[in-house]
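The chain contents come next:
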Amino acid sequence: DAKAVGIYDAAVRVAEGWYFVPNIIMVSLFPAIINAKIYSKEIYQKRLKKISLLLVAIALIIAIPTTIFASFIINIFYGSAFMGGVIILQIYIWSLIGTFLGSLIINYIIAENNRKMSLCVNIIPMLVNVILDIIWIPKYGIMGPAYATLIAYSLSPLILLFFRKTRKEVIEIIKIYLCY
């Protein structure tokens, strides 16, 4: 109903307010990554790994406090009438990790000039999100789309595992995350 949509929208707006961060980082740092690609594949790959770690770290720095202080944030921005959005914000904010990495992935795909990969990285998560929304909204109410978005946005980096060309690099990056 309209009330549920309003509550959901309020929570999502707080989380999506952070979407500008990876774009600023990519505009600032990606030219150095492209230059590295020209000179050395090894330096190029190291820079990609470092920027992925930076993006995940920033997403975590945003997601952890937002999860902890979600009720305070919702109350300050929207008032007590929107407190039903707290759990939505606590779920949705974690999609920042996939969103931040997605920004890197799109730039990486541009650097690699791989249209096929670009199509898959964009369409598969969208389809997953829509399918999960259709299934989960009737079952879980307004929490359904929050979980659907979290799962769909998390898929973008993992889709690169399905391409032989990128599988090894993605596995290397995953190993780095598991070691930290």
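As shown above, the structure is provided for reference.
About the criteria used
- All residue numbers refer to position in the chain's written sequence, counted from 1.
- For this predicted model, a pLDDT threshold of at least 70 governs which residues receive local features, and a threshold of 80 or more governs which side-chain atom pairs are given and counted, while totals over whole chains, interfaces and linings are taken from all residues.
- Computation of side-chain values covers all heavy atoms of the structure but excludes hydrogens and water.
- Helix and strand labels come from DSSP, where a helix needs a run of H or I of at least four residues and a strand needs a run of E of at least two; each type is numbered from the N terminus.
- Burial classes: relative accessible area under 20% of the type maximum marks a residue as buried, over 50% as exposed, and values in between as partly exposed (1.4 Å probe, protein chains only).
- In this analysis, two residues are considered to be in contact whenever any of their non-hydrogen atoms come within 4.5 Å of each other.
- Per-residue and other accessible areas follow the Shrake-Rupley method at a 1.4 Å probe size, with only the shown protein chains counted as cover for residues.
- Positive charges are assigned to Lys and Arg, negative charges to Asp and Glu, while His and the chain termini are left out of the count.
- Charged groups are reduced to one reference atom each: NZ for lysine, CZ for arginine, CG for aspartic acid, CD for glutamic acid.
- Like charges are joined within 9 Å and nonpolar side chains (Val, Leu, Ile, Met, Phe, Trp, Tyr) within 5 Å, but only among residues with over 30% relative accessible area and no salt bridge; these make up the patches.
- We define a salt bridge as a side-chain nitrogen of Lys or Arg found within 4 Å of a carboxyl oxygen belonging to Asp or Glu.
- Classification of ring pairs rests on two measures: the distance between centres of Phe, Tyr or Trp rings, Trp counted by its six-membered ring, which must be within 6.5 Å, and the angle between planes, read as stacked under 30 degrees, edge-to-face over 60 and tilted in between.
- By definition here, charges over rings are those cases where NZ of Lys or CZ of Arg is within 6 Å of the ring centre and within 35 degrees of the ring normal.
- An axis is simply a line fitted to the C-alpha atoms; with a helix, the fit covers only the stretch in contact. Between two such axes, the angle follows the N-to-C directions and lies from 0 to 180 degrees.
- In this scheme, roughly parallel covers angles under 35 degrees and roughly antiparallel covers those over 145, while 65 to 115 is roughly perpendicular and the rest are oblique.
- Left-handed describes a crossing in which the near helix is turned anticlockwise from the far one by less than a right angle; the clockwise case is right-handed.
- Lys, Arg, Asp and Glu make up the charged group, whereas Ala, Val, Leu, Ile, Met, Phe, Trp, Tyr, Cys and Pro make up the nonpolar group; the residues left over, Gly among them, are polar.

> Describe the overall build of the chain, and please don't skip the residues or the numbers.
Per the secondary structure count, the chain includes nine helices and zero strands. For the chain, the α and β elements follow one another from N to C terminus as α-α-α-α-α-α-α-α-α. Expressed along its principal axes, the backbone C-alpha trace of the chain runs to roughly 55 × 30 × 30 Å. Counting over 180 residues, the chain shows a buried share of 39%. Here the contacts in the chain between residues at least 6 apart in sequence split such that 72% fall between residues at least 24 apart. A total of about 10,300 Å² of accessible surface is found on the chain, and carbon and sulfur atoms cover 69% of it. Distance between charge centroids for the chain: 10 Å, based on 16 positive and 8 negative side chains.

> Lay out a nonpolar patch on the surface in plain terms, naming residues and giving numbers.
On the surface, Leu119, Ile123, Met126, Leu127, Val130, Ile131, Ile134 and Ile135 cluster together into a nonpolar patch covering about 750 Å² of accessible area. Along the chain, the position of Ile134 falls in helix α7 (residues 115–140). Owing to a relative accessible area of 60%, Ile134 belongs among the exposed residues under this scheme.

> Describe the side chain of Thr99, naming the residues involved and giving the relevant values.
For Thr99, the position within the fold is in helix α6 (residues 95–112). A residue is classified by how much of its surface remains accessible, and Thr99, at 17% relative accessible area, is buried.

> Outline the packing of aromatic side chains, supporting the account with residue identities and numerical values.
Enumeration over the complete set of coordinates arrives at four aromatic pairs. Ring geometry for Tyr8 and Tyr92: centres 6.4 Å apart, planes at 85°, overall edge-to-face. Here Tyr8, found in helix α1 (residues 2–16), pairs with Tyr92, found in helix α5 (residues 86–92); they are 84 residues apart in sequence, far enough to count as distant. Each member of the pair, Tyr8 as well as Tyr92, is classed as buried. On the basis of an interplanar angle of 55° and a centroid distance of 6.4 Å, the ring pair of Phe77 and Tyr78 is categorised as tilted. Take Tyr78: its relative accessible area is 30%, and that puts it in the partly exposed class. Taken together, the ring pairs connect Phe77, Tyr78 and Phe82 into an aromatic cluster. Stacked on the ring of Tyr44, the Lys or Arg Lys37 has its end atom at 5.9 Å from the ring centre.

> Let's hear about the packing of α7 against helix α8 (residues 143–159): which residues, and what values?
α8 packs onto α7 with a crossing angle of 160° between their chain directions and a minimal axis gap of 8 Å. Comparing the axis directions of α7 and α8 gives the class roughly antiparallel. Note that α7 runs across α8; the crossing there is right-handed. Between α7 and α8, the contacting residues are Cys120, Val121, Ile124, Pro125, Val128, Asn129, Leu132, Asp133, Trp136, Ile137 and Tyr140 on the first element and Met143, Gly144, Pro145, Tyr147, Ala148, Thr149, Ile151, Ala152, Tyr153, Leu155, Ser156 and Ile159 on the second. A per-class count over the contact of α7 with α8 returns 18 nonpolar, four polar and one charged.

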